[in-house]
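# Analysis of the macromolecular model
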Amino acid sequence: LSEFIFRPLPWFARDLDADGLVQQMGLGRDGKGYIGLHVRAGDSCVKWQRDFGGDCIGLQHHLAYVRLVARRYQLRDVFVATDDP
């Protein structure tokens, strides 16, 4: 059900060509897939601190979970998206 709900609109999927991008980047070459990680450290971190008094989570914290998932599912490739230069 979630795959149906969260699918991109046909025109967006065609224009984006996500499968082509993944192939160009060489992710999941071994056929096992890859880990996708979105690290928000810019404006969202400031808002989180201001609105909720929370601490921003550093990259080292995320990497511990990436390693755990990589070992569990025998994955080697990681794609990181971030707003932090």
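Residues numbered from 1 in each chain as written. Predicted model: local features only at pLDDT ≥ 70, side-chain atom pairs only at ≥ 80, totals over all residues. Heavy atoms only, no water.

To describe a pair of aromatic rings, you give the distance between the ring centres and the angle between the ring planes. Under the definition given, this model contains 1 aromatic pair. An angle of 85° between the planes, with centres 5.9 Å apart, marks the rings of tryptophan 11 and phenylalanine 12 as edge-to-face. On the accessibility criterion, phenylalanine 12 (40% relative accessible area) is partly exposed. Here arginine 7 stacks its cationic end above the ring of phenylalanine 4, 3.9 Å away from the centre of that ring. (Phe/Tyr/Trp six-rings, centres within 6.5 Å; stacked < 30°, edge-to-face > 60°. Buried < 20%, exposed > 50% of the residue type's maximum accessible area, 1.4 Å probe, protein only. Lys NZ or Arg CZ within 6 Å of the ring centre and 35° of its normal.)

Its 15 residues give helix H5 (residues 59-73) an end-to-end C-alpha distance of 21 Å, which sits within 8% of 21 Å, the value for a rise of 1.5 Å per residue. The positive-phi residue at the C-terminal boundary of H5 is glutamine 74, with phi of around 55°. (Helix = DSSP H or I, 4+ residues; strand = E, 2+ residues; numbered from the N terminus. Expected span 1.5 Å × (residues − 1).)

Turning next to the confidence of the model for the protein. Averaged over every residue, the pLDDT of the protein is 84; residues scoring 70 or more account for 99%. Ranking the elements of the protein by mean pLDDT puts helix H4 (residues 43-52) last with 80 and H5 first with 92. (pLDDT = per-residue confidence, 0-100.)

Evaluated as defined, the whole model comprises 2 salt bridges. The residue aspartate 15 makes a salt bridge to arginine 14 at a minimum N-O spacing of 4.0 Å. Under the relative-accessibility criterion, aspartate 15 is labelled exposed at 57%. The partner of arginine 50 in a salt bridge is aspartate 51, and the shortest N-O contact between them spans 2.9 Å. (Salt bridge = Lys/Arg side-chain N within 4 Å of Asp/Glu carboxyl O.)

On to the nonpolar core, then. Grouped together as the largest cluster of nonpolar side chains are 6 residues: Ile35, Leu37, Val39, Val66, Ala70 and Leu75. If you list the elements that add at least two residues to this core, you get strand S1 (35-39) and H5. Considering each element in turn, this core owes the most residues, 3 residues, to S1. (Core = buried A, V, L, I, M, F, W, Y, C linked by side-chain atoms within 4.5 Å.)

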